[in-house]
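Chains, contacts and geometry: an overview
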Amino acid sequence: MANIKSQIKRIKTNEKARLRNKSVSSSIKTAVRKFRDAVTAGDANAITTELRAASKSLDVAVQKGVLHKNSAANKKSSMAKAAAKAGAR
């Protein structure tokens, strides 16, 4: 354990950030999984709904600094392509 006061504080803040990042990335994975399930089911309404939800969760992750904006853009683009291929748009 650290003895320096600033290092103790950094340990606490790093743990908070780690838990937040873990939560946000878990919600991203869940949203993307729901989108993929909707694509395999083939329901156009569900596909568009889940695409919006997944895109929103990716945008939130970018705002919180969990994901890089280009990484989120690539994921959103590939999901939009899959939705178009499934005939949702």
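Remember, predicted model here, so these are calculated numbers, not experimental data.

Turning our eyes to something else, we now look at a positive patch on the surface. A contiguous patch of positive charge on the surface is contributed by Lys29, Arg33, Arg36 and Lys75. At 3 residues, the largest contribution of residues to the positive patch is made by helix α1 (residues 5-41). Counting through the fold element by element, lysine 75 comes out in helix α3 (residues 69-85).

Within the secondary structure layout, leucine 51 lies in helix α2 (residues 44-64). For leucine 51, a relative accessible area of 5% puts it in the buried group. In sequence terms leucine 51 and alanine 72 are 21 residues apart; their C-alpha atoms lie 13 Å from each other.

Structurally, arginine 52 can be placed in helix α2. Judged by relative accessible area, arginine 52 falls into the exposed class, the value being 64%. Note: C-alpha distance between arginine 52 and phenylalanine 35 (17 residues apart in sequence) is 9.2 Å.

This part covers α2. Since there are 3.6 residues in each turn of an α-helix, residues three or four apart along the chain are aligned in direction. The first and last C-alpha atoms of α2 sit 30 Å apart over 21 residues, in line with the 30 Å expected at 1.5 Å per residue. Burial in α2 covers these residues: Ile47, Leu51, Ala54, Ser55, Ser57, Leu58 and Ala61. Down the axis of α2, the sector holding all buried residues measures 165 degrees, keeping them to one side. Counted as exposed and oriented over 90 degrees from the buried face of α2: Asn45, Arg52, Lys56 and Gln63.

Definitions and cut-offs
Residues numbered from 1 in each chain as written. Predicted model: local features only at pLDDT ≥ 70, side-chain atom pairs only at ≥ 80, totals over all residues. Heavy atoms only, no water. Patch = residues over 30% accessible without salt bridge, like charges linked within 9 Å, V, L, I, M, F, W, Y side chains within 5 Å. Areas by Shrake-Rupley, 256 points an atom, 1.4 Å probe, with all protein chains shown as cover. Salt bridge = Lys/Arg side-chain N within 4 Å of Asp/Glu carboxyl O. Lys, Arg positive; Asp, Glu negative; His and termini not counted. Charge placed at Lys NZ, Arg CZ, Asp CG, Glu CD. Helix = DSSP H or I, 4+ residues; strand = E, 2+ residues; numbered from the N terminus. Buried < 20%, exposed > 50% of the residue type's maximum accessible area, 1.4 Å probe, protein only. Expected span 1.5 Å × (residues − 1). Arc of directions from axis to C-beta.

Any link to function would need more than the numbers given here.
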